[in-house]
Amino acid sequence: MTAIDKKAVVFRVDANRATGLGHLARCLALGEECRRRGWAVFYLGALDEDAAGRIAALGGQALPRPAAGALEQEMAALRAARKVTGARVLVTDGYTLPDGYHLRARPMFPVVVMIDDLNPSPPAAHVVINPNIYAPRLTYRPVFPDTQLLLGPAYALLPAAVRKVKRKETSPDVKSVLVSLGGTDPGGLTLKVVRALRRAGIGEVWHVVVGPGFHAGEELARLAQADRRVLLHFAPKMLVPLLAESDLVICAGGVTASETAATGAPALILVQAENQRLAAEELDARGAAVNLGWGHEAGEDDIANAVTDLARDAERRRRMGEAGRALFDGNGPARCLDAIEERLNG
């Protein structure tokens, strides 16, 4: 059976050293649920080799990238993808699509879905998914009155593996620390955090994730050679196994922060973007994380002191883990696809 003979979805998403992996991670989580229900899944965008590998590993197919920029070029790419795949659903995730994109896409696809973060303009999609914890506080004014809004952590697009995690008991001592600051870490926060951990002296092993777009990989490698506690993980396909075994996580405020909360790991968050700021503040207010503010403003001593304080308070770490798991149950992709299928079949 070819893709054109069955249910198919096209994800319009970019994932490379310039954009990072956060948008793709959300699409992959929804795509994973689509695959589980028998959908054919395609990804259209500026996708580098690492992104294409992640897509293939979950049974998806990367399509030739559209010409960058102009609306007409984007629409031509969509028409070509629609013809090849027979897809009836389009899902977008990203900040660089030209004005009018979703409005122009509606005649091509019975269901157009927009994964959003900050509600920058009135959406023209049939379905809007904003999985951020702060999303219910945003005021959406869709172009069409029948647009369906799926807002908040109940719709968090997290990998299926988070549902299978059996969280270990909170340890009196922090032995394992995970550092994950995005696929590109343009501000060089990972190096700052590792230096802060060396000052704090907390933990027996520091699992440090090195994304595919890192520019400081060589310096991190030298640190790993100099300090046996530093264990580097180069572009792992999934963070969930590391999260599940970590006593403490230091991460950015994007998708990884939600995955961390869902697995019950206590987190210190360093903000790298505006949408992360809102998420970090809300996670802190809900007791699921500690917000350290903008990463470029936090000093090594600030980070070291925060690590030390949280490591010494096992009861607080336990409460943070419980709060995180209460917010994110891992069923967001299923709820989102339920709504998409209902819209498609309605």
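Scroll up to find the structure.
The rules behind the values
Residues numbered from 1 in each chain as written. Predicted model: local features only at pLDDT ≥ 70, side-chain atom pairs only at ≥ 80, totals over all residues. Heavy atoms only, no water. Helix = DSSP H or I, 4+ residues; strand = E, 2+ residues; numbered from the N terminus. Rg over C-alpha atoms; globule rule 2.2 N^0.38 Å. Buried < 20%, exposed > 50% of the residue type's maximum accessible area, 1.4 Å probe, protein only. Contact = heavy atoms within 4.5 Å. Areas by Shrake-Rupley, 256 points an atom, 1.4 Å probe, with all protein chains shown as cover. Lys, Arg positive; Asp, Glu negative; His and termini not counted. Charge placed at Lys NZ, Arg CZ, Asp CG, Glu CD. Pairing = 2+ DSSP bridges. Axes fitted to C-alpha atoms, helices over the stretch in contact; angles between N-to-C directions. Disulfide = S-S within 2.5 Å. Expected span 1.5 Å × (residues − 1). Phe/Tyr/Trp six-rings, centres within 6.5 Å; stacked < 30°, edge-to-face > 60°. Lys NZ or Arg CZ within 6 Å of the ring centre and 35° of its normal. Polar contact = N/O pair within 3.5 Å; in protein donor to acceptor, adjacent residues only side chain to side chain. Salt bridge = Lys/Arg side-chain N within 4 Å of Asp/Glu carboxyl O.

Asks: How should I be thinking about the overall build of the protein chain in this particular structure?
Replies: On a plain count of helices and strands, the protein chain comes out with twelve helices and 13 strands. Over its C-alpha atoms the protein chain spans a radius of gyration of 20 Å, differing by no more than 12% from the 20 Å that the globule rule assigns to 346 residues. Looking at the protein chain residue by residue over its 346 residues, the buried ones come to 57%. Restricting to contacts in the protein chain with at least 6 residues of sequence separation, those with at least 24 account for 64%. Summed over all atoms, the accessible surface of the protein chain reaches about 14800 Å², with 50% contributed by carbon and sulfur. Side chains of the protein chain carry 42 positive and 40 negative charges; the gap between the two charge centres is 4 Å.

Asks: I keep staring at the sheet that holds strand β9 (residues 205-210) and nothing clicks. Help me out?
Replies: The six strands are arranged β10-β9-β8-β11-β12-β13 in an open sheet whose pairing can be described as parallel. If you trace the sheet from one side to the other, it starts and ends with β10 (230-234) and β13 (289-294), each paired once. Put simply, the sheet's adjacent strands are angled 15° from each other on average, direction ignored. Inspection of the sheet shows strand β12 (residues 267-271) paired to β13 by four bridges, in the parallel sense. Opposite isoleucine 269, over in β13, you have asparagine 291 as the bridge partner. Its contacts with the sheet place helix α9 (residues 274-285) against β12 and β13, and it is angled at close to 145° to β13.

Asks: Help me out: how do you make sense of unusual backbone geometry in this one?
Replies: The phi torsion of most residues other than glycine is negative, and most of the peptide bonds are trans. Notably, asparagine 119 is not glycine yet its phi reads approximately 55°, a positive angle. Topologically, asparagine 119 is positioned in the loop between β5 (111-115) and β6 (127-130). Asparagine 119 gets classed as buried once you look at its relative accessible area, which sits at 18%. A positive phi angle, near 45°, is found at alanine 235, a position not held by glycine.

Asks: What should I look at first to understand the state of the cysteines in this one?
Replies: Disulfides are covalent bonds that link the sulfur atoms of two cysteine residues. The full count for this structure, using the stated rule, is zero disulfides. Cysteine cysteine 27 remains unbridged, with the sulfur of cysteine 34 as its closest cysteine sulfur at 10 Å. Between cysteine 336, a cysteine without a disulfide, and cysteine 34, which holds the nearest cysteine sulfur, the sulfur-to-sulfur distance is 9.9 Å.

Asks: Would you mind going over helix α10 (residues 300-311) with me for this structure?
Replies: Since the α-helix packs 3.6 residues into each turn, any two residues three or four apart lie on the same face. A rise of 1.5 Å per residue sets the reference length of α10, with its twelve residues, at 16 Å; its end C-alpha atoms lie 16 Å apart and thus fit the reference within 8%. Those residues of α10 not exposed but buried are Ile303, Ala304, Ala306, Val307, Thr308, Leu310 and Ala311. At its buried positions, α10 is contacted by α5 (189-200), β11 (248-251), β12, β13 and α11 (314-327).

Asks: Just checking my understanding: could you explain the packing of aromatic side chains for this structure?
Replies: Describing an aromatic ring pair means giving the distance of the ring centres and the angle of the ring planes. Evaluated as defined, the whole model comprises one aromatic pair. Here phenylalanine 11 and tyrosine 43 contribute two aromatic rings whose centre-to-centre distance is 5.0 Å and whose plane-to-plane angle is 15°, an arrangement assigned as stacked. Here phenylalanine 11 is found in strand β1 (residues 8-13), whereas its partner tyrosine 43 is found in strand β2 (residues 40-44), with 32 residues between them in sequence. Above the ring of phenylalanine 144, the side-chain terminus of arginine 106 is found at 3.9 Å from the ring centroid.

Asks: Looking at this structure, I do not really get the side chain of asparagine 16. What am I missing?
Replies: Relative to the helices and strands, asparagine 16 resides in the loop between β1 and α1 (22-36). Judged by relative accessible area, asparagine 16 falls into the buried class, the value being 18%. Among the polar contacts listed, one links the side chain of asparagine 16 to the backbone oxygen of alanine 46, at a separation of 2.9 Å. Every residue in contact with asparagine 16, bar those within four places of it in the chain, is listed here: Ala46, Asp48 and Thr184.

Asks: Could you clarify how one ought to interpret the sheet that holds β2 in this entry?
Replies: Backbone hydrogen bonds hold the strands of a sheet together, and the pairing may be parallel or antiparallel. Spatial ordering of the open sheet is given by β3-β2-β1-β4-β5-β6-β7, a layout of seven strands whose pairing is parallel. Two strands lie at the open edges of the sheet, namely β3 (61-63) and β7 (148-151), each paired on one side alone. With strand direction ignored, the average angle separating the axes of adjacent strands in the sheet is 20°. With five bridges joining them, β1 and β2 adopt parallel strand pairing. Counterpart to arginine 12 in the pairing with β2 is leucine 44.

Asks: Help me understand the pattern of salt bridges, please; the structure alone is not making it clear to me.
Replies: It is possible for side chains of opposite charge to pair when their charged atoms get near one another. Tallied over the full model, the rule gives 26 salt bridges. We note a salt bridge from aspartate 14 to arginine 12, for which the minimum N-O separation is 2.8 Å. What makes arginine 12 buried here is its relative accessible area of 5%. Taken together, the shared-partner salt bridges connect Lys7, Glu33, Arg36, Arg37, Asp338 and Glu341 into one network.

Asks: It is not clear to me how the environment of arginine 312 should be interpreted in this structure. Could you clarify?
Replies: Its place among the elements puts arginine 312 in the loop between α10 and α11. Since its relative accessible area comes to 70%, arginine 312 is described here as exposed. Between the C-alpha atoms of arginine 312 and aspartate 185, which are 127 residues apart in sequence, the distance is 28 Å.

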